[in-house]
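# Commentary on secondary and tertiary structure
Letter by letter, the chains look like this.
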Amino acid sequence: MKFLKLKKVLAGTLAFAMLTGCALGASAATVSSSGSSSSSTSVTDETLDQLNDLTWSEYYAEYAGMPKYAGKDVVINAADYTGFEYPAGYTEADAAVPFKIIDNLDGKKAVQTPDIGKTTWTVEVPESGLYAIDINYYPTEAKSANIERTLLVNDDVLFSEVRNILLTKIWQDDYLRDDEGNIVFETDENGNESRPIKNQTPEWRNYTVSDPSGYYNGEFLFYLEKGTNTIALDAQKEPMSFESIVLRAPKDTLTYEEYLANHEALGHTDAPINENTRIFLEAEKSSSTSDSTLYPTNNKTSPINSPSSAKCTLINSIGGSNWATLGQWIEWEFDVKEAGFYVINVRFSQNTNQGIFVSRRMRVDGEIPFEEANNLQFMYGSDWQITALTDGTYDFKFYLEEGKHTFSLEVTLGNLGDIISRVRAALASINEIYLKILQITGPNPDSYTNYKFYSRIPAEIEQMGILANELFSISKEFQRVSGETSSNTATLENVARILEKMARDSEGQIAKNFETLKSNIGTLGTWINNVQKQAL
């Protein structure tokens, strides 16, 4: 793995007072309803299917050698669906909205799909290869939950991560504005501010199918054979409308160094340092969010939070524990008066994940500018901090043209994604070993009984040694990305030592440490939950 030396960059400063938080040709289409007696897939069958799913990493390892599609976009018009069916035992009466074609939905022809049921499209794929998939969708106003769909290709869920792809909605605060158009908050007779009402504000959005769990950055790729294929979306939560599904060539994301080099080749330079290039935003005045729970609030943990008052409750922050779930995002709008490279500084509080950072993915004008923007880091601190946006290697600068722009931060696992994924895989293997031992010893093994483990479970004993080495390796990687040893690394190493001991002396240590092994399974589960907390 290539490690890059930290580079300091000077540019015009875009300062965000991020408070909390950050103080910053098809056949004719059919619609059908399945009767309960004709169900082709039982709950048990579906559960077994899920257990047999490949993961994305396993799927991609199988197809990584296949060519990536490089041709023109293959556009599937959503209104040209070839089938829709409700789940067994359900009809239109059970749906939040009916399935129907809408000729003009905010300027586009669309198909409205309810919160239950599977919609299928048939597509002619021009050549065999790996494709990315974009979905152009419109969130139908309904409940506050996000939209979830299962993606099927030729009636198969190709890997587990597309069983529940997540498509967010758009929420905006109904702000009051003063005579000059500036955002203000409603106040009571004592001068205390209250947060505004938050409303769903649907608009057309483009979603690239990617990992909802946050373990993998970038878009998913799907291997499709040349000829006739089907794409289906099976509703799990919330209604939505589609304009199109696009099969396209995978995008090569620039590295930060390539991003800089491209702009510098065009003659782009740092923005001049003057009053026009110092742009200050109050983070509580966001332009939109992904969830109704991401609302502006009051934070009194620092006397310099802006604005602040000793006697009144003033809105001065956004985020915190409400902004911790993978996929949640907050967006801000701002105006740039002079083009150039800008550094974005944020004032934030991250006092949840001791000894480690929380992560965010950044988009500028809806696009991820370079690969490293997937992995912004906000380090732990007991007090408020001010820092430029960074991935721990670079302090980033961004080229912005004159005019209006948007900037968003989305909750992600960032550089912790691979580490957590490895711990989850290790935990699953440890649990399987535990169950094998349980079959031999029962729940209360006698440490003086010779269970002949080595002759009965030799593969599992060997695996314990492998898992011990894996956990030691993960601990070293965790220490590298976090910059320090902590209780997080100590937990991994403690579990590794038990496994190492049991692998080295199976007859003397397995029964003796069986309860400890059981406890370690719970400990690793807790470790995963704690490290995944992404409050900011």
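Just so it is clear, the model here is predicted, and its values are computed rather than measured.

## A look at the packing of aromatic side chains
Taken as a whole, this structure holds 31 aromatic pairs when the rule is applied. Ring centres of Tyr 59 and Phe 159 lie 4.9 Å apart, and the angle between their planes is 45 degrees; on these two criteria the pair is classed as tilted. Remark: Phe 159 occurs in the loop between β10 (147-153) and β11 (165-167) and Tyr 59 occurs in helix α2 (residues 56-63); sequence separation between them is 100 residues. Assessed through its relative accessible area of 3%, Tyr 59 is described here as buried. Members of the aromatic cluster, each reached through a chain of ring pairs, are Trp 56, Tyr 59, Tyr 60, Tyr 63, Phe 159, Phe 220, Phe 222 and Tyr 223. Of note, Arg 360 hangs over the ring of Trp 323, and the distance from its end group to the ring centre comes to 4.2 Å.

## A word on the packing of helix α6 (residues 458-482) against helix α7 (residues 487-504)
Between α6 and α7, the shortest axis-to-axis distance is 8 Å and the interhelical angle comes to 160 degrees. It follows from the interaxial angle that α6 and α7 lie roughly antiparallel. Like other packed secondary-structure pairs, α6 and α7 cross with a definite hand, here left-handed. Two secondary-structure elements touch here, α6 through Ile 461, Met 464, Gly 465, Leu 467, Ala 468, Leu 471, Phe 472, Ile 474, Ser 475, Phe 478 and Gln 479 and α7 through Asn 488, Thr 489, Leu 492, Glu 493, Val 495, Ala 496, Arg 497, Leu 499, Glu 500, Met 502 and Ala 503. Looking at the contact of α6 with α7 residue by residue, the classes come out as 14 nonpolar, five polar and three charged.

## Considerations on the environment of Ala 232
Relative to the helices and strands, Ala 232 is located in strand β20 (residues 227-237). A relative accessible area of 3% means that Ala 232 is categorised as buried. Distance in space between the C-alpha atoms of Ala 232 and Thr 82 is 9.7 Å, their sequence separation being 150 residues. Leaving out residues up to four positions away in the same chain, Ala 232 has contacts with Lys 118, Thr 119, Thr 120, Thr 150, Leu 151 and Leu 152.

## As for the pattern of salt bridges
Scanning the model with the defined rule gives 15 salt bridges in all. Residue Asp 270 is joined to Lys 397 by a salt bridge in which the shortest nitrogen-to-oxygen separation is 3.0 Å. A residue pair is termed long-range when its members are at least 10 positions apart, and Asp 270 in the loop between α3 (256-265) and β22 (279-282) and Lys 397 in the loop between β30 (385-388) and β31 (398-400) qualify at 127 residues. Each member of the salt-bridge network shares a partner with another, and the members are Asp 134, Glu 219 and Arg 248.

## Looking at unusual backbone geometry
A cis amide bond, omega -10 degrees, links Ser 306 with the succeeding residue Pro 307. Within the element layout of this structure, Pro 307 appears in the loop between β24 (296-297) and β25 (317-318). Here the phi dihedral of Glu 238 falls at roughly 65 degrees; this positive angle occurs in a residue that is not glycine. Note that Glu 238 resides in the loop between β20 and β21 (240-248).

## Some thoughts on helix α9 (residues 514-531)
Structurally, the α-helix is built with 3.6 residues per turn, so residues lying three or four positions apart point the same way. Taking 1.5 Å per residue as the helical rise, α9 with its 18 residues ought to reach 26 Å, and the 26 Å between its terminal C-alpha atoms agrees with that figure. Taken residue by residue, α9 has Phe 514, Leu 517, Asn 520, Ile 521, Leu 524, Trp 527, Ile 528 and Val 531 as its buried positions. Each buried residue of α9 sits inside an arc of 125 degrees when the element is viewed along its axis, so together they form one side.

## Focus on the environment of Val 157
By the secondary structure assignment, Val 157 is in the loop between β10 and β11. For the pair Val 157 and Ile 147, spaced 10 residues apart in the sequence, the C-alpha separation amounts to 18 Å. Residues within four places of Val 157 in sequence aside, it is in contact with Asp 53, Thr 150, Leu 151, Leu 152, Val 162 and Arg 163.

The rules behind the values
Residues numbered from 1 in each chain as written. Predicted model: local features only at pLDDT ≥ 70, side-chain atom pairs only at ≥ 80, totals over all residues. Heavy atoms only, no water. Phe/Tyr/Trp six-rings, centres within 6.5 Å; stacked < 30°, edge-to-face > 60°. Helix = DSSP H or I, 4+ residues; strand = E, 2+ residues; numbered from the N terminus. Buried < 20%, exposed > 50% of the residue type's maximum accessible area, 1.4 Å probe, protein only. Lys NZ or Arg CZ within 6 Å of the ring centre and 35° of its normal. Axes fitted to C-alpha atoms, helices over the stretch in contact; angles between N-to-C directions. Parallel < 35°, antiparallel > 145°, perpendicular 65-115°, else oblique. Left-handed = near helix turned anticlockwise from the far one by under 90°. Contact = heavy atoms within 4.5 Å. Nonpolar A, V, L, I, M, F, W, Y, C, P; charged D, E, K, R; others polar. Salt bridge = Lys/Arg side-chain N within 4 Å of Asp/Glu carboxyl O. Expected span 1.5 Å × (residues − 1). Arc of directions from axis to C-beta.

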